[in-house]
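Residue-level structural notes
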Amino acid sequence: MPAGSLPPPSKKRKVKPDADLAKRLEAEITDAAMNDGSLNPLLDLLNLAQVTSDAANLSKIIYSLYRVFVVMICSDKLAPGGGDAAKQVRKWIWGRLDTYVHLLVGLLQDEEPGLRKSALDILLSLLRHLSSSLSKVSSDGRPQFHESHFKHIVRGLLICPPSPRSSPEVAYEGKLMPDVRDHFVATWLNVYDDVRWCFLREASSALSRFPAAEYPNLAANLLSLVDRLKTFPTEASELNAWWISELGEKPLVLRSQKSAAEDEDLAMSDAENDDDWRKFFDEQPKAKDIKISTDIKGRVHQLSFHQSLHSLKAHRAVFTRMWLSLLPRLSLDASVTSRSLTIRALNIMHRGILPHLTRPILVMDWISACVDTGGTVGLLALNALFILMKDYNLDYPQFYTRLYAFLDKNVLHLKHRARFFRLTELFLSSTHLPAALLASFVKRLSRLSLSAPPAAIIIIIPFTYNILKRHPALMKMIHRADVDSEPFNDTYIADEVNPNVTNAIDSSLWELLSHRNHYDAAVSTLARIFEEAFTKPGYSMEDFLDHTYGTVAPKLIIVGKQLLDTEFQRKIKKEPALATELVKDPFPLRTDPVSGTDTGVMNDNMDVISELWAFE
């Protein structure tokens, strides 16, 4: 087809939106692609898709365009080579394909769910055909991945441009549709290793290219996708699912890479042979316990694209880079949106992020900043910080000081109160902690229980019991013989921020004793456990963490109803007094009984309350 036969852009033929017309145009384009005919009807079909407003007809048209482009891709219309005329035709087809792809990317935000799903399916299917076609004409014979087309898909998922069918009056939000998100995650992101690797890499690039001021929802869209990532590989043998089938072939290892890997293995073996005498005491591993590593050796930055897809280190590297770029974007300011995004990231930090990072210590600064924020964010960040200390040898001397600072009146009313006590019980479970430190925690909780709701007191009492049971050095806080002999002076320094110097070990838990007279029967009964012998091995905190007003209030209503029924049914043996002796002047003023004038002097036998009724 000569380049001069193409119609100029200013002379586009007007077509009528009709499904039958789409079928006829599809047949003409297919025949032209197979017989090297004129492809001008392709422009008519694209114009038809752009002007059609009916969702059902548009769905048929975009599938017609998909079949047409697949025919041209499979017939090597987009393959490089040929003369000048062929290059002009190929350039023109690429331009029409870009127009079609931009239309599909916009339809990801369409108001019609069927169009959104169809657009995503077509975009990923085109990726497979384009990548396979690119692999066939590759000069080095390596399988290829069509990165430019995949960038359009990532742009549609993260930037979320508006649909071409949307009304200009509707405000553009740029938020990813939930059904598109779930469909992409369930069908591709959690299934295919090549799609996941490329998505993580392109997401990192998108975070650096698109500023937060112009694209405020980019971080939220990306987080909604990666926090649903449940199948990240932990072994090289798990890299076995490929959307582009050509990428499933084992990559070739160059001679230079082999020598570098051998040198690295030799250096490691030399380091291990320094203490050969220890091998005498080592137990020989069984054959079934020996795992043969199938991971590609070598440095990540020296691997080719194909080799990176088969390297577990490369997968962990792109995962780490993505999260290191995303986390600072989540906490740019103190807005409610940033706070909610940070909480979502912290909720999955310990199980979905830290185990897959190349070096988990890299997120230490961000987690420490979240701890300093306080509130719910700081509470959740403590868990990640503790994981870094316990599993990755992070040195954080002020951990228990920061944990002690979270014990305020607000922590007993938080949504994550149950999780806080689960974590605190874990943090204080070590028997090597100083008694003075533990005494500060139980004393602070006891003091907070005076103004806490019943559901929180029900958690504090067994929590304190378990700590006292685990650390007998604290038993003197509930067994002080000198309290009854002289007025008790509480030595606890409530304003001290360092839990090691609060003098709580010399105080007592009199606050918990006061709950014996609590109005809630469950609290008053539970508070009496400190008067009994500590023979119980310990309470399971899970039995008390789910108590809320929704569980306590119905019990109070039932108890109150039972008390009223009991009072109504009780037989009265003696009639109660219905009246008292009438007193002439219950509140006497400071008056002279003879003259009746105010003397200004308060008699000793007068009640002080009478002064409240003396108005000038």
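Residues numbered from 1 in each chain as written. Predicted model: local features only at pLDDT ≥ 70, side-chain atom pairs only at ≥ 80, totals over all residues. Heavy atoms only, no water.

Bringing the overall build of the protein into the picture now. Assigned secondary structure in the protein consists of 23 helices and zero strands. Within the span of the protein, comprising 616 residues, buried residues form 44% of the whole. In the protein, the share of contacts with a sequence separation of at least 24, taken over all contacts with a separation of at least 6, comes to 72%. Accessible area of the protein: about 34100 Å², with a carbon and sulfur share of 55%. (Helix = DSSP H or I, 4+ residues; strand = E, 2+ residues; numbered from the N terminus. Buried < 20%, exposed > 50% of the residue type's maximum accessible area, 1.4 Å probe, protein only. Contact = heavy atoms within 4.5 Å. Areas by Shrake-Rupley, 256 points an atom, 1.4 Å probe, with all protein chains shown as cover.)

The backbone phi angle of Asp-36 is positive, close to 55°, even though this residue is not glycine. Tracing the backbone through its elements, the reader meets Asp-36 in the loop between helix H1 (19-35) and helix H2 (40-51). Residue Asp-36 is classed as exposed on the basis of its relative accessible area of 56%. A positive phi is found at Asn-393, a non-glycine position, where the angle reads about 60°. If you trace the backbone, Asn-393 turns up in the loop between helix H16 (375-391) and helix H17 (399-405). Classification of Asn-393 by relative accessible area gives exposed; the value is 71%.

Right, let's talk about the packing of aromatic side chains for a bit. A complete count under the given rule lists 20 aromatic pairs for this structure. Seen in terms of ring centroids, Phe-69 and Tyr-100 are 5.3 Å apart; in terms of plane orientation they differ by 15°. Their pairing is stacked. With Phe-69 in helix H3 (residues 55-74) and Tyr-100 in helix H4 (residues 84-107), the pair connects residues that are 31 residues apart, well separated along the chain. For the pair Phe-69 and Tyr-100, one class covers both residues: buried. Pairing Phe-145 with Phe-305 gives two aromatic rings, centres 6.0 Å apart and planes at 40°, and the pair type is tilted. Highlighted residues: Phe-145 in the loop between helix H5 (113-136) and helix H6 (147-158) and Phe-305 in helix H11 (residues 305-309), separated in sequence by 160 residues. The exposure class of Phe-145 is buried, given its relative accessible area of 4%. An aromatic cluster of three or more residues is present, and its members are Phe-184, Trp-188, Tyr-192, Phe-199 and Trp-243. The ring of Trp-243 has Arg-128 sitting right over it, with the charged end atom 3.6 Å from the ring centre. (Phe/Tyr/Trp six-rings, centres within 6.5 Å; stacked < 30°, edge-to-face > 60°. Lys NZ or Arg CZ within 6 Å of the ring centre and 35° of its normal.)

Our focus in this paragraph is the pattern of salt bridges. Per the stated rule, a full pass over the model turns up 20 salt bridges. Measuring nitrogen to oxygen at the nearest pair gives 2.6 Å for the salt bridge that ties Asp-110 to Arg-165. On the criterion of sequence distance, the pair formed by Asp-110 in the loop between H4 and H5 and Arg-165 in the loop between H6 and helix H7 (178-189) is long-range, its members being 55 residues apart. Arg-228 is paired through a salt bridge with Asp-182; the nearest N and O atoms lie 3.9 Å apart. One end of the pair, Arg-228, is in the loop between helix H9 (218-226) and helix H10 (255-272); the other, Asp-182, is in helix H7, with 46 residues separating them in the sequence. A residue is classified by how much of its surface remains accessible, and Asp-182, at 35% relative accessible area, is partly exposed. A single network of salt bridges, built from pairs that share partners, joins Arg-181, Asp-182, Asp-227, Arg-228 and Arg-344. (Salt bridge = Lys/Arg side-chain N within 4 Å of Asp/Glu carboxyl O.)

This brings us to helix H13 (residues 336-347). Look at H13: 17 Å from first C-alpha to last across 12 residues, which is about the 16 Å you get at 1.5 Å a residue. Among the residues of H13, Ser-338, Leu-341, Thr-342, Ile-343, Ala-345 and Leu-346 are the ones counted as buried. In this structure, the buried residues of H13 make contact with H9, helix H12 (312-330), helix H14 (349-353), helix H15 (364-373), H16 and helix H18 (417-427). (Expected span 1.5 Å × (residues − 1).)

This paragraph deals with the side chain of Ser-64. Mapped onto the secondary structure, Ser-64 falls in helix H3. A polar atom in the side chain of Ser-64 sits 3.1 Å from the side chain of Glu-26. Filtering out sequence-adjacent residues up to four positions away, Ser-64 remains in contact with Glu-26 and Leu-45. (Polar contact = N/O pair within 3.5 Å; in protein donor to acceptor, adjacent residues only side chain to side chain.)

This part takes up the nonpolar core. The biggest cluster of nonpolar side chains holds 171 residues, and the ones touching the most others in it are Tyr-100, Phe-199, Trp-323 and Leu-326. Ranked by residue count, the leading element in this core is H3, at 11 residues. Beyond its immediate chain neighbours, meaning those up to four positions away, Trp-323 contacts Leu-223, Val-226, Pro-328, Ile-348 and Ile-353. (Core = buried A, V, L, I, M, F, W, Y, C linked by side-chain atoms within 4.5 Å.)

A few words now on H16. For H16, spanning 17 residues, the distance from its first C-alpha to its last is 25 Å, which sits close to the expected 24 Å at 1.5 Å a residue. Here H16 lies mainly inside the structure; 13 of its 17 residues are buried. Of the residues one or two after H16, Asn-393 is the one with positive phi, at around 60°.

Relative to each other, H9 and H12 sit at 130°, their axes nearing to 10 Å. Judged on the interaxial angle alone, H12 and H9 are oblique. Here H9 runs over H12; the crossing is left-handed. Facing Leu-218, Ala-219, Leu-222, Leu-223 and Val-226 of H9, the residues of H12 in contact are Met-322, Trp-323, Leu-326, Arg-329 and Leu-330. Considering only residue class, the contact of H9 with H12 consists of nine nonpolar, no polar and one charged. (Axes fitted to C-alpha atoms, helices over the stretch in contact; angles between N-to-C directions. Parallel < 35°, antiparallel > 145°, perpendicular 65-115°, else oblique. Left-handed = near helix turned anticlockwise from the far one by under 90°. Nonpolar A, V, L, I, M, F, W, Y, C, P; charged D, E, K, R; others polar.)

Let us now look at the environment of Ala-241. For Ala-241, the location among the structural elements is in the loop between H9 and H10. A residue is classified by how much of its surface remains accessible, and Ala-241, at 18% relative accessible area, is buried. Aside from chain neighbours lying at most four places away, what touches Ala-241 is Val-191, Tyr-192, Asp-193 and Asp-194.

Before going further, it helps to examine the packing of H9 against H13. In contact at an axis separation of 11 Å, H9 and H13 are set at 25° when each is read in the N-to-C sense. One finds that H9 runs roughly parallel with respect to H13. The handedness of the crossing between H9 and H13 is left-handed. Here Ala-220, Leu-223 and Ser-224 of H9 come into contact with H13, specifically with Leu-341, Arg-344 and Ala-345.

So, on to the confidence of the model for the protein. Of all residues in the protein, 76% attain a pLDDT of 70 or more, and the chain-wide mean is 82. Below a pLDDT of 50 lies the segment residues 1-7, which in the model reaches 11 contacts outside its immediate sequence neighbourhood of four places, other chains included. Here residues 9-17 scores under 50 on pLDDT; set against residues more than four positions off or in separate chains, the count is 13 contacts. (pLDDT = per-residue confidence, 0-100.)

Let us look at the environment of Pro-113. For Pro-113, the location among the structural elements is in helix H5. When its relative accessible area of 41% is taken as the criterion, Pro-113 is described as partly exposed. In this structure the C-alpha to C-alpha distance between Pro-113 and Met-177, which are 64 residues apart in sequence, comes to 9.3 Å.

Okay, the environment of Ala-521 next. Within the element layout of this structure, Ala-521 appears in helix H22 (residues 521-526). Of the residues examined, Ala-521 reaches a relative accessible area of 40% and is grouped as partly exposed. Residues Ala-521 and Pro-454, 67 residues apart in the sequence, show an inter-C-alpha distance of 9.8 Å.

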